[in-house]
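Working through the structure, step by step
As a plain string of letters, each chain reads:
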Amino acid sequence: MLPFNNEKIPVVVVGSGVIGLTTAVTLQRTQRYQVTVIGRDTPDDLHGPLSVSQNWASPFAGANWRAYSEAHELQLRMAEEQTYFRLRDIAQESPKSGVKIIPIADFGANQKERAQTPAFLYYVKNLQKIERKNWPLNAAFGYSYDSVIVNVLQYLPWLAAELRRLGGVIRRATLDHISDALKYADGCSLIVNCSALGSATLGGVMDKNMYPVRGQTVLVKAPNVNLTAMRPSESADKATYIIPRGNGTVILGGVFEERSNELHEDTRTTDEVLRNCLSMCPQLLDQGQFTGTFRNAVTDDDIQRLRKNILSVSVGFRPARKGGPRLEVQRERGVTIVHNYGQASYGFQTSWGYASLVVHILDAALTGKAKL
């Protein structure tokens, strides 16, 4: 049962990516739980001497808010909507968070969106149609609205600082078995598993439905870009997206290569990303005003000029799961485990919604109302 006094219930969150940290902050804010986060990598590594694993997806994300749910995915739709408004609040209340409200030119995430208007267009702010003559190639539709960009190298440490400010703890650890997490909090019998791709090999979980989706992005210096944009490609494993980080740099992408484990840059992909992004956004090179069109000619000379502005090329692996994210309760030998992982490429876009669901599930599990 939940305590009726000031005693907090210890809980360990396994995983320190955006899903784990957001879940931990949300639990700690209830003042019912005392949270310890454990992870092989932590936000303290992002600006320190330790290298960051490419399997830790969060530091390699763009990131911006753009919903991906289909009509039947009600849980995912809820998580996207709740996160949209929570990130807007953070942008307005916490300038140091790395979150900013910014316009997006949205031409679809895939060609299936031609058939039906996505549900999120009914609640986003400042929605406007973009004239068809200005659409890029392969567009499914054309809308602009308020999105949110997230500078992940600023946001993840901000989440960690929020957790610590609220009294939570972050510890570095590598686990062989999910039950090993209990060693990091005295008297603990509650675990929230946010181990993402780690859930495929973590003892006691060993989720065979998990698989990596390789991404490759290019970070460029482009201080004149003041909107985010995306469009689908002819193939499902590619898309074009442009995401400013709010500090004069811009993330360009990208690819969605399922089950690929290639760690290194594909230079052909880099050139393709530069060409596709320039065709939508000449402001990556041009200091002039935006002309309103997202269909522009690009020359080889343009590609070479933009190459000179490259700051880094990154490869990371999104934690995808066959059947979608796992959000459920597991009980084993007196230990309650809530699983919250498998959000693939939409971890940042759904993080606050899934964190809220974890709180409800954990509360229900402790009062005997959870559906197992």
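Summary of the structure given here. (Residues numbered from 1 in each chain as written. Predicted model: local features only at pLDDT ≥ 70, side-chain atom pairs only at ≥ 80, totals over all residues. Heavy atoms only, no water.)

Digging into the overall build of the chain
Rule in force here: Strands here mean DSSP runs of E at least two residues long; helices mean DSSP runs of H or I at least four residues long; both are numbered from the N terminus. Values of the radius of gyration come from C-alpha atoms, whereas the globule rule sets the reference at 2.2 Å times the count of residues to the power 0.38. Each residue gets one of three labels from its accessible area relative to the maximum for its type: buried under 20%, exposed over 50%, partly exposed in between, using a 1.4 Å probe on protein chains only. A 1.4 Å probe and the Shrake-Rupley method give the accessible areas. Residues count as covered only by the protein chains that appear here.
Tallying secondary structure elements over the chain gives 6 helices and 15 strands in all. For 372 residues, the compact-globule formula gives about 21 Å, and the C-alpha radius of gyration of the chain, at 21 Å, lands near that figure. In the chain, which comprises 372 residues, the proportion classed as buried is 57%. For the chain, the accessible surface area stands at approximately 17,100 Å², while carbon and sulfur atoms represent 48% of it.

With respect to the pattern of salt bridges
The condition that has to hold: The salt bridge definition used is simple: a Lys or Arg side-chain nitrogen within 4 Å of an Asp or Glu carboxyl oxygen.
Applying the stated criterion across every chain yields a total of 19 salt bridges. Notably, a salt bridge pairs Asp41 with Arg40, separated by 3.0 Å at the nearest N-O pair. With relative accessibility at 7%, the residue Asp41 sits in the buried group. Overall, Arg40 belongs to the partly exposed group, its relative accessible area being 44%. Ionic pairing is found between Glu328 and Arg326, a salt bridge with its closest N-O pair at 2.5 Å. Among the ionic contacts, a cluster of salt bridges with common partners joins Arg29, Glu162 and Arg165.

A short note on the nonpolar core
The condition that has to hold: As used in this record, nonpolar core signifies buried Ala, Val, Leu, Ile, Met, Phe, Trp, Tyr and Cys residues forming a set joined through side-chain atoms within 4.5 Å. In this description, contact between two residues means that some pair of their heavy atoms is separated by no more than 4.5 Å.
Ranked by internal contacts, the top residues of the largest apolar core, which has 101 residues, are Trp65, Tyr155, Leu252 and Leu284. What Leu252 contacts, discounting residues up to four positions off in sequence, is Gln216, Thr217, Val218, Val220, Tyr241, Ile242, Val273, Leu274, Cys277, Leu284 and Leu306. With 20 residues, the next largest nonpolar core counts Val12, Leu197, Val205 and Ile337 among its residues.

Description of the layout of surface pockets
This is how it is decided: Lining residues are defined by having an atom within 4 Å of a point belonging to a cavity or pocket. Those points lie on a 1 Å grid over the protein atoms alone, cavities being sets where a 1.4 Å probe fits but cannot get out and pockets being open sets with protein on both sides within 12 Å along at least five of seven lines. Grid points are joined across faces, edges and corners, and a volume is the space filled by probe spheres set on the points. When residue character is reported, Ala, Val, Leu, Ile, Met, Phe, Trp, Tyr, Cys and Pro are called nonpolar, Asp, Glu, Lys and Arg charged, and the others, Gly included, polar.
Quantified by volume, the largest pocket comes out at close to 1,300 Å³. Around the largest pocket, the lining comprises 50 residues; the ones closest to its centre are Tyr68, Glu70, Asn110, Lys112 and Tyr346. Going through the elements one at a time, α2 (74-93), β8 (210-221), β9 (228-232), β10 (238-244) and β13 (310-321) are the ones with two or more residues in the lining of the largest pocket. Residue contributions to the lining of the largest pocket peak at 4 residues, all from α2. When grouped by side-chain class, the residues that make up the lining of the largest pocket number 24 nonpolar, 12 polar and 14 charged.

Some points on helix α5 (residues 300-307)
Counted only if it meets this: Note: the arc covers the axis-to-C-beta directions of the helix.
Buried within α5 are the following residues: Asp302, Ile303 and Leu306. End-on view of α5: buried residues confined to an arc of 100 degrees, all on one side of the axis. Away from the buried face of α5 by more than 90 degrees, exposed residues Asp300 and Asp301 are located. The secondary structure elements touched by the buried residues of α5 are β8, β11 (249-255), α4 (267-280) and β13.

A few points about the pairing of β9
Just so we agree on the cut-off: When DSSP locates at least two bridges between a pair of strands, those strands are taken to pair.
By the criterion of burial, β9 is predominantly enclosed, with 5 of the 5 residues buried. Burial along β9 is two-sided: Thr228, Met230 and Pro232 and Ala229 and Arg231, pointing in opposite directions, are all buried. With 3 bridges connecting them, strand β3 (residues 99-106) and β9 associate as parallel partners. Residue pairing for β9: Ile104 is matched across the bridge by Thr228.

Description of the sheet that holds strand β7 (residues 190-193)
Condition: For helices, the axis comes from a line fit to the C-alpha atoms of the stretch in contact; other axes are also lines fit to C-alpha atoms, and the angle between any two N-to-C directions lies between 0 and 180 degrees.
Overall, mixed pairing links the 6 strands, which are arranged β6-β2-β1-β7-β15-β14 in an open sheet. Single-partner strands in this sheet number two, and they are β6 (169-172) and β14 (326-332). Pairs of neighbouring strands in the sheet enclose a mean axial angle of 20 degrees, with direction left out of account. In the packing of helix α3 (residues 152-165) onto the sheet, contacts are made with β2 (33-39) and β6, and the angle to β6 comes to roughly 120 degrees.

Examining the environment of Gln116
Checked against the element boundaries, Gln116 lands in the loop between β3 and β4 (128-129). Residue classification places Gln116 among the exposed residues on the basis of a relative accessible area of 55%. In sequence terms Gln116 and Glu70 are 46 residues apart; their C-alpha atoms lie 9.6 Å from each other.

Some thoughts on the state of the cysteines
So the rule is basically this: Cysteine sulfur pairs qualify as disulfides if the two atoms are within 2.5 Å.
Using the criterion set out here, one finds 0 disulfides in the structure. Here Cys194 is not disulfide-linked; the sulfur of Cys188 is the nearest cysteine sulfur, at 13 Å.

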